[in-house]
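Overview (structure and organization)
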Amino acid sequence: MENYKYLVLSLTKRRHVIPHDEILICILLNFFMVYCLRGKNKKMENKKFTISVFTENTIGLLHRVTTVFTRRKINIESLTVSETETQGVSRFTIVVNGSYDKIAQVVKQIEKQVEVLKCFFYEDEQIVYQELALYKMPTKVFANSESVEDIIRESNARVLAIEPEFIVIEKTGREHETQALFKKLEPFGILSFVRSGRVAIAKPMKRLQTHLEELESVSLFE
Amino acid sequence: METLLQEVTTEKKPSSQKLNITGAEAVVLSLLAEGVECVFGYPGGAIMPVYDAFYHYQDKLKHYLVRHEQGAIHAAQGYARVKGKAGVAIATSGPGATNLITGIADAMIDSTPVVCITGQVFRHLLGSDAFQEVDVISVSLPITKWNFQVTRAEEIPTAIAKAFYIAQSGRPGPVLIDITKNAQNERFDFEYHKCTKIRSYFPRRKVDMNAVEAAADLLNSAKKPLMLVGQGVILSKAEKELKEFAEKSGIPVASTLLGLSAFSTKHPLYVGYLGMHGNYGPNIKTNECDVLLAVGMRFDDRVTGDLKTYAKQAKVIHIEIDPAEIDKNVKTTVAIIADAKEALIALTEKVTPKSYPDWLQEFADADRIEYEKVVSKDFAPNTEKIKMAEVIKMLSDKTEGKAIIATDVGQHQMTTTRYYQFTETDSNITSGGAGTMGFCLPAAIGAKVGRPDRQVIAIIGDGGFQMTMQELGVIMQYKIPVKIIILNNNFLGMVRQWQQLFFDNRYSSVDMENPDFIKLAEAFSIKAQKVETREELSSALDAMLESPEAYFLEICVEKETNVFPMVPAGAGVGDIRLE
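Residues numbered from 1 in each chain as written. Chains lettered and ligands numbered in written order. Predicted model: local features only at pLDDT ≥ 70, side-chain atom pairs only at ≥ 80, totals over all residues.

Basically, it comes down to this: UniProt positions are given in the numbering used here, feature names are shortened, and annotations may be inferred rather than shown by experiment.
Per an unreviewed UniProt entry, the recorded name for chain B is Acetolactate synthase, and the organism is Thermoflexibacter ruber. We quote the UniProt Catalytic activity (unreviewed entry) comment for chain B here in full: "2 pyruvate + H(+) = (2S)-2-acetolactate + CO2". Database annotation for chain B, UniProt heading Sequence similarities (unreviewed entry): "Belongs to the TPP enzyme family."

Under an unreviewed UniProt entry, the name given to chain A is acetolactate synthase, and the source organism is Thermoflexibacter ruber. For chain A, the Subunit (unreviewed entry) comment in UniProt is given as "Dimer of large and small chains." Listed under Catalytic activity (unreviewed entry) in UniProt, the entry text for chain A is "2 pyruvate + H(+) = (2S)-2-acetolactate + CO2".

**Points about the sheet that holds strand β5 (residues 114–120) of chain B**
Residues and elements named next belong to chain B. Keep this limit in mind: If DSSP finds at least two bridges between two strands, the strands pair. Secondary structure is summarised from DSSP: a helix means a run of H or I of at least four residues, a strand means a run of E of at least two, and numbering begins at the N terminus for each. Lines fitted to C-alpha atoms define the axes, with helix axes restricted to the stretch in contact, and inter-axis angles between N-to-C directions lie between 0 and 180 degrees. Here the contact rule is simple: place C-beta atoms from the backbone, and any two residues whose C-beta atoms are within 7 Å are in contact.
An order of β3-β2-β4-β5-β7-β6 is seen for the six strands of this open sheet, with the pairing classed as parallel. Two strands in the sheet have a free side with no partner beyond their single neighbour: β3 (62–65) and β6 (146–150). Shown here is a sheet whose adjacent strand axes are inclined to one another by a mean of 20°, direction ignored. Alignment of strand β2 (residues 38–41) against β3, held across four bridges, turns out to be parallel. Considered in β3, the bridge of G41 is made with L65. Contacting β5, β6 and β7 (174–180), helix α8 (residues 156–168) runs over the sheet at an angle of about 165° to β7.

**Examining the domain arrangement of chain B**
All names here are of chain B. We count it as follows: An automatic or database domain assignment supplies the start and end points of every domain.
What the domain assignment lists for chain B is domain 1 (2–190), domain 2 (209–363) and domain 3 (384–556). Taking the mean C-alpha position of each, domain 1 and domain 3 sit 31 Å from one another. At the junction of the two partners, domain 1 supplies 25 residues and domain 3 supplies 27 residues. Taken together, the elements giving at least two residues each to the side of domain 1 that touches domain 3 come down to β2, β3, α4 (69–83) and α6 (101–109).

**As for the packing of helix α12 (residues 239–249) of chain B against helix α15 (residues 340–350) of chain B**
Residues and elements named next belong to chain B. Condition: Each angle is binned into one of four classes, with values under 35 degrees roughly parallel, values over 145 roughly antiparallel, values of 65 to 115 roughly perpendicular, and all other values oblique. By definition, any crossing whose near helix is turned counterclockwise from its far helix by less than a right angle is left-handed, and any crossing with a clockwise turn is right-handed.
In contact at an axis separation of 9 Å, α12 and α15 are set at 25° when each is read in the N-to-C sense. Compared by their axis directions, α12 and α15 come out roughly parallel. The crossing of α12 and α15 is left-handed. Touching E241, L242, E244, F245 and K248 of α12 are K341, L344, I345, L347 and T348, all from α15.

**Describing the sheet that holds strand β3 (residues 89–98) of chain A**
All names here are of chain A. The four strands are arranged β2-β3-β1-β4 in an open sheet whose pairing can be described as antiparallel. Whereas interior strands pair on both sides, the edge strands pair on one side only; in this sheet they are β2 (76–83) and β4 (116–122). Recorded for the sheet is a direction-independent mean angle of 15° between the axes of neighbouring strands. Here ten bridges tie strand β1 (residues 47–56) to β3, and the two strands are oriented antiparallel to one another. Residue V53 lies in a different strand from β3, and its bridge partner there is F92.

**A word on the UniProt feature "domain: ACT" (unreviewed entry) in chain A**
Mapped onto this structure's residue numbering, the UniProt feature "domain: ACT" (unreviewed entry) falls at residues 50–130 of chain A. Between the C-alpha atoms that bound residues 50–130 of chain A there is a distance of 12 Å. The span itself is 28% helix and 44% strand.

**Observations regarding the environment of R195 of chain A**
Within the secondary structure layout, R195 of chain A lies in strand β8 (residues 192–195). C-alpha of R195 of chain A to C-alpha of E170 of chain A: the two residues are 25 residues apart in sequence and 9.8 Å apart in space.

**Points about the interface of chain B and chain A**
Residue-level contacts link 21 residues of chain B with 20 residues of chain A. Where the side of chain B that touches chain A is concerned, the elements lending two or more residues are α7 (136–140) and β9 (204–205) of chain B. Sheet topology places strand β10 (residues 219–220) of chain A next to β9 of chain B; two bridges connect them, and they run antiparallel. In the strand pairing of β9 of chain B, S219 of chain A is matched with R205 of chain B.

**Section: helix α18 (residues 411–419) of chain B**
Since the α-helix advances by 3.6 residues per turn, residues separated by three or four positions end up pointing in the same direction. All names here are of chain B. As a reminder of what qualifies: In this scheme the burial state of a residue depends on its C-beta neighbours within 10 Å: 20 or more other such atoms mean buried, 12 or fewer mean exposed, and anything in between means partly exposed; the C-beta positions come from the backbone.
Burial within α18 is extensive, with nine of its nine residues counted as buried. The set of residues buried in α18 consists of Q411, H412, Q413, M414, T415, T416, T417, R418 and Y419. In this structure, the buried side of α18 is in contact with β12 (270–273), α17 (388–399), β16 (404–407), β18 (456–461), β19 (483–488) and α22 (493–502).

**A short note on the confidence of the model for chain B**
Residue and element names in this part refer to chain B. Short version of the rule: Values of pLDDT, ranging from 0 to 100, describe the predictor's confidence in every residue of the model.
Of all residues in chain B, 97% have pLDDT values of 70 or greater, and the mean over the chain is 96. With pLDDT under 50 throughout, residues 1–16 is counted as low confidence; its partners more than four residues away or in other chains account for twelve contacts. Here the prediction assigns the complex a pTM of 0.91, and the interface score ipTM is 0.89.

**What about the UniProt feature "domain: Thiamine pyrophosphate enzyme N-terminal TPP-binding" (unreviewed entry) in chain B?**
Under the UniProt annotation, "domain: Thiamine pyrophosphate enzyme N-terminal TPP-binding" (unreviewed entry) lies at residues 22–137 of chain B. The span residues 22–137 of chain B carries 43% helix and 18% strand; its end-to-end C-alpha distance comes to 23 Å.

**Considering unusual backbone geometry**
All names here are of chain B. Put simply, F564 and P565 share a cis peptide bond, and its omega is 0°. With respect to the helices and strands, the residue P565 is situated in the segment after β21 (551–556). Phi angles above zero are rare outside glycine, and D129 is one such case at about 60°. Residue position: D129 is located in the loop between β5 and α7. In this structure D129 comes out as exposed when scored by C-beta crowding, with 8 C-beta atoms within 10 Å. Not every positive phi belongs to a glycine, and S509 is a case in point at roughly 55°. Tracing the backbone through its elements, the reader meets S509 in the loop between α22 and α23 (517–523).

Printed below as a string of structure tokens:
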């Protein structure tokens, strides 16, 4: 889709070299193609999705949830598990790439697992999300140059630990931000680097409990 | 069941309120509390305490000793299919448990309620590669609806209660409870409460009346509606409601493989059987109907063929209990996520009475074409040897379509399901989604145990029979009067058919040199007869049907016949081949 936008723009710019009716046809054709592709794009195009799975806190459930992805050959980009505000309920935050249709189906299959309470999936605009990265560096880089200190300040990173041999820097942010800091620190020698999975909170205000109550009101249990 | 428990209580310890028993006894009492009358299993080290408990409850709980654990799970499946409730299979740890796996996978894909109980090594040995230790929870995880490892005796009643609830509710399926040996030995205070709800589990939705209205609107204005019914109708015991709905709405009814017997094949609205080797009419008409109403089926690829050309012209209404099936393969216009029975009752109220004589005539015309090109040749062949279809036709006529028919997988299965004219429900026991060879014989045993009042006939190919033929021992030991027909073509017929059609006649490893099946059956003290000529067939079938005991009939059939019609793998239903 981006390509078509660009094409339309570039054609518009070169207006003076192409007769007007021709350019008009080109533009209309392009708009038409963009329009046609839009419907398809939404469902078929690969995108990043964040899946939130609310589950009972039982052994083996992680395996059950991940099997749904492995069966369909979907690679999990990151996975984070933690307790929620409700006791005994865990939240899995899973980031995957896939088409809307495929992920929607996967979400239903996850929700089908007996011990899964509810499963949601979001595009990036629908969530607030964050990651955390740790960088282990030799302590001597601080002694030898001030630029590392500057980088840390500029990047809103912080020093977590200082040991005689190494220091650990922490940076929270989105992937591109922690990656940018990685690039800046790399010339000074990074001993070790780790980035966490994404944690995400959905923007809609409806609470899990409300979802469950709704589901319960339309369900039969015998 | 409460009285039974009280009875047990008074037998054991009249003074105590709660029953202080071992985990193993708790397993038995929990099964009894769930109304289990029989189990199929095989003992071994890690399950021995449970077997010791069986010893004490022989009069209340019948145990059938199979000859291989695969036999236990398939028997439990056959039992579950005819009874409409969970069958139970028991095995020891390690190889005992892994031998159940094929049947568990089969039950999963065919939505059969089965509760498997496996022994496991002592808790302190878990993960240490102990003798006969296999991580059966992980192994069975993707093919069970739910599984759970019990490591303490007091977890047993809750685990078993949940197991039965989950296996039997919503879309049924197999569950597995793995019980460590220490948990079987430990004593605890037993109390049993049936499970009626799990907070994370929503097995069934109430019928959404808006969806029903929308569906009824589509159906009421339809010109060429077609209904596809699957096993969901049988699982929800909705046969009567289906008939009422069909008769009021006038919509022609086609059946999937597992839906067979839900709707009488002799009903005027019945237009045949769907799928790869189904009838010509319902397959081609799927691509001509204007509204496709699917009830309790999952649009398996053997039904749909190529999805890109499947029913593209039709508005699709999908009645299905499992939300994950909606839009999985075929996009729906209206989805009714509900139990088939409740949905059909609601829909029956909303549809206007109609009839479609011209549309039905189109099916009749297609039937005539199929009859000329396929059926007539199958029923009155010019071959020297008997054809499978002749046997099934004769059997169907002689039993008036009322027997329980178990089949294995392959040509004999497709021929049977094409030509046996089912008139009673719960009569078609076959391995559908998994296509498990070796399923038939043990499943037929389970079916006969479940329904001793009905004639149970196992129809098996010579290949599949040899996968689980050891279960003849069960028939011998417990005198189970199952009737067995081996359709022997000395070939793996369906594979051979594919090799002929799609691999230029290169017959690779399909030729079978078989043992003397008659001697084999006789070695198990089962009456046996071999049929080689057409003249013998009728009297042999009579002898088999009339026999009060098990009876084994080997019928030598034409070596190289092909099952037609056929939708070649990957082709659309409209491309069905008649020859």
